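Now for the letters of each chain:
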Amino acid sequence: MGGEPRGGRGVIGALKQRLYRQVARAWGAAVKPPRRGLRVLTYHAVGLALERDPYGNSISKERFAEHVRLLASLRVPWPPARFGPAGSEPALCVTFDDGFRDTLTEAAPLLVETGIPFMLFATADFIRRGEAPYLDAGQLRALAALPGASIGSHGLTHKVLTTLSDADLAEELSASRRWLEDLLGRPVESLSYPHGAVDRRVRDAAEAAGYRLGATSRWGANEPERDPLLLCRTEVTAWDTAQDLRAKIDGHWDWYAIRHPDPQAA
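Attention here is on the structure that accompanies the text. Being a predicted model, the structure only gives us computed values, none of them experimental. All residue numbers refer to positions counted from 1 along the written sequence of the respective chain. Local features are withheld for residues below a pLDDT of 70 in this predicted model, meaning they are given only at 70 or higher, and side-chain atom pairs are given and counted only at 80 or more; totals for whole chains, interfaces and linings count all residues. Side-chain calculation: all heavy atoms of the structure are included, whereas hydrogens and water are not.

## Some words on the overall build of the protein chain
- Of the regular secondary structure elements, the protein chain holds 8 helices and 9 strands.
- Against the 2.2 N^0.38 benchmark of 18 Å for 266 residues, the protein chain shows a C-alpha radius of gyration of 17 Å, consistent with a compact globule.
- Here the contacts in the protein chain between residues at least 6 apart in sequence split such that 70% fall between residues at least 24 apart.
- Methods summary: accessible areas were calculated by the Shrake-Rupley approach with a probe of 1.4 Å, and residue burial reflects only the protein chains presented. Carbon and sulfur atoms make up 52% of the accessible area of the protein chain, which amounts to about 11,900 Å² in all. Helix and strand assignments follow DSSP, with helices taken as H or I runs no shorter than four residues and strands as E runs no shorter than two, numbered in order from the N terminus. Computation of the radius of gyration draws on C-alpha atoms, with the globule rule given as 2.2 Å multiplied by the number of residues to the power 0.38. The contact criterion used is simple: two residues touch if any of their non-hydrogen atoms lie within 4.5 Å.

## Regarding the environment of G196
- By secondary structure assignment, the location of G196 is in the loop between strand 7 (190-192) and helix 7 (200-208).
- With 135 residues separating them in the primary sequence, G196 and K61 have C-alpha atoms 25 Å apart.

## A closer look at the pattern of salt bridges
- When a carboxyl oxygen of Asp or Glu is within 4 Å of a side-chain nitrogen of Lys or Arg, the pair counts as a salt bridge. Scanning all chains against the criterion turns up 14 salt bridges.
- Residues R21 and D244 are paired through a salt bridge, measuring 2.9 Å at the closest nitrogen-oxygen approach. Placement of R21 in helix 1 (residues 7-31) and of D244 in helix 8 (residues 242-249) is noted, with a sequence separation of 223 residues between them.
- The closest approach of N and O atoms between R128 and D125, which form a salt bridge, is 2.2 Å. With R128 and D125 both in helix 4 (residues 124-129) and 3 residues apart, this pair spans about one turn of that helix.
- Exposure classes here rest on a 1.4 Å probe applied to the protein chains alone. A residue is buried below 20% of its type maximum, exposed above 50%, and partly exposed in between. Take R128: its relative accessible area is 44%, and that puts it in the partly exposed class.
- Among the residues examined, D125 registers a relative accessible area of 15% and is labelled buried.
- Ionic contacts of the salt-bridge type, sharing partners, join the residues R203, D204, E207 and D227 into one network.

## Observations concerning helix 6 (residues 166-184)
- An expected span of 1.5 Å times one less than the residue number is assigned to each helix. Taking 1.5 Å of rise per residue, the 19 residues of helix 6 would be expected to cover 27 Å, and the 27 Å separating its terminal C-alpha atoms lies within 8% of that figure.
- Looking at helix 6, one finds that the buried residues are L169, E172, L173, S174, A175, S176, R177, W179, L180, L183 and L184.
- Looking at the buried positions of helix 6, the neighbouring elements they touch are strand 5 (118-122), helix 4, helix 5 (137-144), strand 6 (149-153), strand 7 and helix 7.

## Some points on unusual backbone geometry
- Cis geometry is found at the peptide bond from A132 to P133, where omega equals 10 degrees.
- Mapped onto the elements of the fold, P133 is located in the loop between helix 4 and helix 5.
- One non-glycine residue, K32, lies in the positive phi region at around 50 degrees.
- Within the secondary structure layout, K32 lies in the loop between helix 1 and strand 1 (38-43).

What follows is the structure in structure tokens.
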């Protein structure tokens, strides 16, 4: 498929995707997961030519456009991501991690045109340096001004938060929030934990730093009782067709949660 990761690791990823599709079909048929709660979709880059992309982080522009058409056709609410878990009814949020420039140039125009709100979790140091392929400060301000756009933090330097001392953890969380708020002139109260690394200590540090919402790498939908600082998300990759995306939205890939223990259960 055009735009999919190339090279040896790309081939391995595509083969894994075929296997995972079969597991998802079987799991969805056997379990029949309920379609309720808030499902938070995670994207990274759109149309970015990465020399090595073993995780399928960069989806092609054509495939992302297919995804947006599917999302626009669904009759579900689109609550602003900052509000956390919606209710017992199905709801969707679209999020992006890291702060790639193509979030502004490729993804945002399609989402704004179709009225789909979205949140970008930006790594403050990436934006401060402003080096390609990341947004610079002016571009992040332009993105934040778009209808339906929200900005959250993805840490100060993208460090693995669970490995940091208490002092360094507090700095990584607080400094990123302060810098983004100073740049944008608005509150930043949402966080995506870099590398999905979160435990109870990190969760509590995020709350102490002033965050109201925290996004993990745990798969699944979020029902009303979900801790808003430990929200589950559903990763979307370069290999996902529109049919794959629909299966993920319907919960058929939630078996993938076995990769990440639930920090809320710890």
